[in-house]
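# Structural overview for review
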Amino acid sequence: MTVPDAARAVDTVWRLESARIIAGLARVVRDIDLAEDLAQDALVAALRQWPESGIPANPGAWLMATARHRAIDRLRRDERLRRNIGQLGHELEVRQEAAVIDGPAEFDAATDDDFVPDDLLRLMFVACHPVLSTESRVALTLRLLGGLTTDEIARAFLAAEPAIAQRIVRAKRTLASKQVPFEVPPAGERAERMGSVLEVIYLIFNEGYTATAGENWARPELCYEALRIGRMLAELSPANPEVHGLVALMEIQSSRLRARVGPAGEPVPLLEQNRGNWDQLLIRRGFAALLRAEQLGGPPGSYVLQAAIAACHARARAADETDWERIAALYEVLAVIEPTPVVELNHAVAVAMAFGPARGLELVDPLTSRPELRGYHLLPTVRGDLLARLGRPAEAREEFERAAALTRNGQERSVLLRRAAGCKSDP
Amino acid sequence: MRFLMTTTAGDAPDETMMAEMGRFVEELSRSGVLLATGGLDPAGTRISSKDGKVTVTDGPFAEAKEAIISFALVDVRSKDEAIELSKRFWQIVKNGEGAIQQVFGPE
């Protein structure tokens, strides 16, 4: 086969397998950077050999075996590495492995495929370790779990490639210097560490979801990566309701991707979207994930609540069939565990829809003095809408103009200015 | 990107093959790429319509070769990935025929 054919095949297999391979290697060599190095070595070997020998029947296993052999070579040559593995590994199992890794058989046993699911979970926790900045966690997650190249990550975040490369290098160095263990966090820390993982995944998702269509073709891919990693996590950690909650939220939000953008590339608000363009398969998956979360019991967390709100919208076949009272009640609970001004604003919107604009305005007015919302264009937008519905057009116009001045999105500004112009005072 | 992967012919699975298939399906689910999958009743029912006048024919049918016997709907990054997954399926089933078609939709 030709070299370009082999390159494409290697690329494809790498995308599908790299996380698993790096995770399996990391468990034994206890160093993310070395694990990635060894995996890359195998990649290079594949690019060299597959054009001649053809693509192997089981390419993932081929790459893993090749990486293993490289690892054994390194261990043989590197006395200090062998000692480090012995030191860093505090489980008896690993100490035994470190002591006897002299040949392929022991290494095979250590990297047995049966261990793979837990390995991926370990890799996720490490990549999202709180010792790293959020930006670093995001980059490392996309790199190690998404298999994205540095260039792809850079384009997705509209950053320069060298900056991302540096960020990843420094992140791995920090993990090594802080001797972050390659393990699933102990039960006591699990919830908090999982929170960090979920935060990273949702950050990636939002990066892709809120991007303006057409500006950067790579960005919808981010939604996919986040969703895929989230789905994986749900299988690896099925007893955690917030994981299912996040997946449910992402599935349902993804279901609206095609409906969110109009023919001229303009953003279409949820209530005005053509629901025929909502992907019912994703909605169904979202409901299923939400059900799993609810079946696990316990008080609902933030993601489960947000997913339940998204499900309310998804369930309504038309905007006027939306169960606003239920949404308002859900926001009320969410506001208790996540009392951010944005949540309170959304709560106010739901209250207005369920119980009338006057009630909504009662909740919105206090928010105007909150410093965190000062530059947030949706606050005056909502206020303007409520005032218009209450027959106070002059005040409404002022709010829409204020909102137009605050938004950075050109199309949104036009929409807001039009609304302002449409506020006619009573004759 | 979504692809519908169908098989129109394949070895009848023995116990070992069923077990391997089960593992494969579980693996695809676990990696977040499998949206739906199933085996189809080879008998089925054929519909043909001319000018809105519908003829319904119950199977099984003589030309069994054309009947789709199983499908998997996958969510992947590229057609290459779908093909790669298909290859792994055929490692298990060994002999048979099928198709991969992109499902147009949200992108």
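Bear in mind that the values here come from a model prediction, so they are computed numbers and not experimental data.

Per the secondary structure count, chain A includes 21 helices and zero strands. Looking at chain A as a whole, 43% of its 427 residues are labelled buried. In chain A, of all internal contacts separated by at least 6 residues, the share reaching a separation of at least 24 is 61%.

Quick look at helix α2 (residues 32-53) of chain A now. Residue and element names in this part refer to chain A. For α2, which comprises 22 residues, the first-to-last C-alpha distance of 30 Å matches the rise-based estimate of 32 Å (1.5 Å per residue) to within 8%. The principal kink in α2, of about 30°, is found at Leu47, preceding the proline Pro51 by one to four residues. Among the residues of α2, Ile32, Leu34, Ala35, Leu38, Ala39, Ala42, Ala46 and Trp50 are the ones counted as buried. Among the residues trailing α2, Gly54 stands out with phi positive, at a value near 85°.

This brings us to the sheet that holds strand β6 (residues 96-103) of chain B. Residue and element names in this part refer to chain B. Taken in spatial order, the four strands line up as β2-β5-β1-β6 in an open sheet, and their pairing is antiparallel. Only two strands of the sheet have a single neighbouring strand rather than two, namely β2 (34-39) and β6. Averaged over neighbouring strand pairs, the angle between their axes works out to 15° when direction is ignored. Two elements, strand β1 (residues 2-10) and strand β5 (residues 70-75), share six bridges in a ladder whose sense is antiparallel. Opposite Leu4, over in β5, you have Leu73 as the bridge partner.

The next thing to look at is the packing of helix α1 (residues 3-29) of chain A against α2(A). Residues and elements named next belong to chain A. Put simply, α1 and α2 touch, their axes get as near as 8 Å, and they point 150° apart. In terms of their interaxial angle, α1 and α2 are classed as roughly antiparallel. The two elements α1 and α2 meet at a crossing, and its hand is right-handed. Of the residues in α2, those in contact with Val3, Ala6, Ala7, Ala9, Val10, Trp14, Ser18, Ile21, Ile22, Leu25, Ala26 and Val29 of α1 are Ile32, Leu34, Ala35, Glu36, Leu38, Ala39, Leu43, Ala46, Leu47, Trp50 and Pro51. Of the residues belonging to the contact of α1 with α2, the class tally is 21 nonpolar, one polar and one charged.

Turning our attention to the interface of chain A and chain B. Between chain A and chain B, the residue contacts involve 18 residues of the former and 15 residues of the latter. Among the elements that make up the side of chain A that touches chain B, the one with the highest residue count is helix α12 (residues 219-236) of chain A (seven residues). Along the lines of polarity and charge, the residues of the side of chain A that touches chain B split into nine nonpolar, two polar and seven charged.

Attention shifts here to helix α10 (residues 161-177) of chain A. Residues and elements named next belong to chain A. The first and last C-alpha atoms of α10 sit 24 Å apart over 17 residues, in line with the 24 Å expected at 1.5 Å per residue. Among all positions of α10, only Ile164, Arg167, Ile168, Ala171, Lys172 and Leu175 are buried. Buried residues in α10, looked at end-on, bunch into an arc of 125°, giving them a common side. Opposite the packed face of α10, turned more than 90 degrees from it, sit the exposed residues Pro162, Val169, Arg173 and Ser177. At the exit of α10 stands Gln179, carrying a positive phi of roughly 50°.

Here the focus is the environment of A:Gln49. Mapping A:Gln49 onto the fold places it in helix α2. Put simply, A:Gln49 and A:Glu183 are 134 residues apart on the chain and 34 Å apart in space, counted from C-alpha to C-alpha.

Backbone geometry places A:Arg30, a non-glycine residue, at a positive phi of 60°. Along the chain, A:Arg30 turns up in the loop between α1 and α2.

Moving on, we get to the domain arrangement of chain A. Residues and elements named next belong to chain A. According to the domain assignment, chain A consists of domain 1 (1-111) and domain 2 (114-236). Tallying the contact residues gives 15 residues for domain 1 and 16 residues for domain 2. Counting only elements with at least two residues in the side of domain 1 that touches domain 2, the list comes to α1 and α2. Here the side of domain 1 that touches domain 2 takes 10 residues from α1, the largest share from any one element. Along the lines of polarity and charge, the residues of the side of domain 1 that touches domain 2 split into seven nonpolar, two polar and six charged.

On to the pairing of strand β4 (residues 53-58) of chain B. Residues and elements named next belong to chain B. Among the six residues in β4, zero count as buried, and that is only a small part of the element. As judged from the six bridges shared by strand β3 (residues 45-50) and β4, these two strands associate in the antiparallel manner. Bridge assignment links Thr45 to a residue of β4, and that residue is Asp58. The antiparallel pairing of β3 with β4 creates a hairpin that spans two residues between the two strands, and Asp51 there sits at a positive phi of about 60°.

All names here are of chain A. Per-residue pLDDT for chain A has a mean of 87; in total, 89% of the residues score no lower than 70. Put simply, helix α5 (residues 92-100) is where chain A has its lowest mean pLDDT, 44, and helix α15 (residues 302-315) is where it has its highest, 98. This stretch, residues 88-104, has a pLDDT under 50; its non-local contacts, to residues over four places away or in other chains, come to 20 contacts. Here residues 106-115 is a poorly scored stretch, pLDDT under 50, and it has 14 contacts once near neighbours within four places are set aside; other chains count.

Residue and element names in this part refer to chain A. In contact at an axis separation of 10 Å, α1 and helix α3 (residues 59-77) are set at 35° when each is read in the N-to-C sense. As for how α1 packs across α3, the hand of that crossing is right-handed. When α1 is examined against α3, the residues Val13, Glu17, Ile21, Gly24, Leu25 and Val29 are found in contact with a partner set consisting of Pro59, Gly60, Leu63, Met64, Ala67 and Ala71. Classifying every residue of the contact of α1 with α3 gives nine nonpolar, two polar and one charged.

Residues A:Ile22, A:Leu25, A:Leu123, A:Met124 and A:Ala307 are the most contacted members of the largest nonpolar core, which totals 115 residues. No other element matches the 14 residues that α1(A) contributes to this core. Looking at this core, you find at least three residues from each of domain 1 (1-111) and domain 2 (114-236) of chain A. Apart from residues no more than four positions distant in its own chain, A:Ala307 is found in contact with A:Gly245, A:Ala248, A:Leu249, A:Ile252, A:Gly286 and A:Leu290. B:Phe3, B:Val33, B:Leu35 and B:Val76 belong to the second-largest nonpolar core, a separate cluster that totals nine residues.

Conventions and cut-offs
- Residues numbered from 1 in each chain as written.
- Chains lettered and ligands numbered in written order.
- Predicted model: local features only at pLDDT ≥ 70, side-chain atom pairs only at ≥ 80, totals over all residues.
- Helix = DSSP H or I, 4+ residues; strand = E, 2+ residues; numbered from the N terminus.
- Buried ≥ 20, exposed ≤ 12 C-beta atoms within 10 Å, placed from the backbone.
- Contact = placed C-beta atoms within 7 Å.
- Expected span 1.5 Å × (residues − 1).
- Bend = angle between axes of the 7 residues up to and from the residue.
- Pairing = 2+ DSSP bridges.
- Axes fitted to C-alpha atoms, helices over the stretch in contact; angles between N-to-C directions.
- Parallel < 35°, antiparallel > 145°, perpendicular 65-115°, else oblique.
- Left-handed = near helix turned anticlockwise from the far one by under 90°.
- Nonpolar A, V, L, I, M, F, W, Y, C, P; charged D, E, K, R; others polar.
- Arc of directions from axis to C-beta.
- Domains from an automatic or database assignment.
- pLDDT = per-residue confidence, 0-100.
- Core = buried A, V, L, I, M, F, W, Y, C linked by C-beta atoms within 7 Å.

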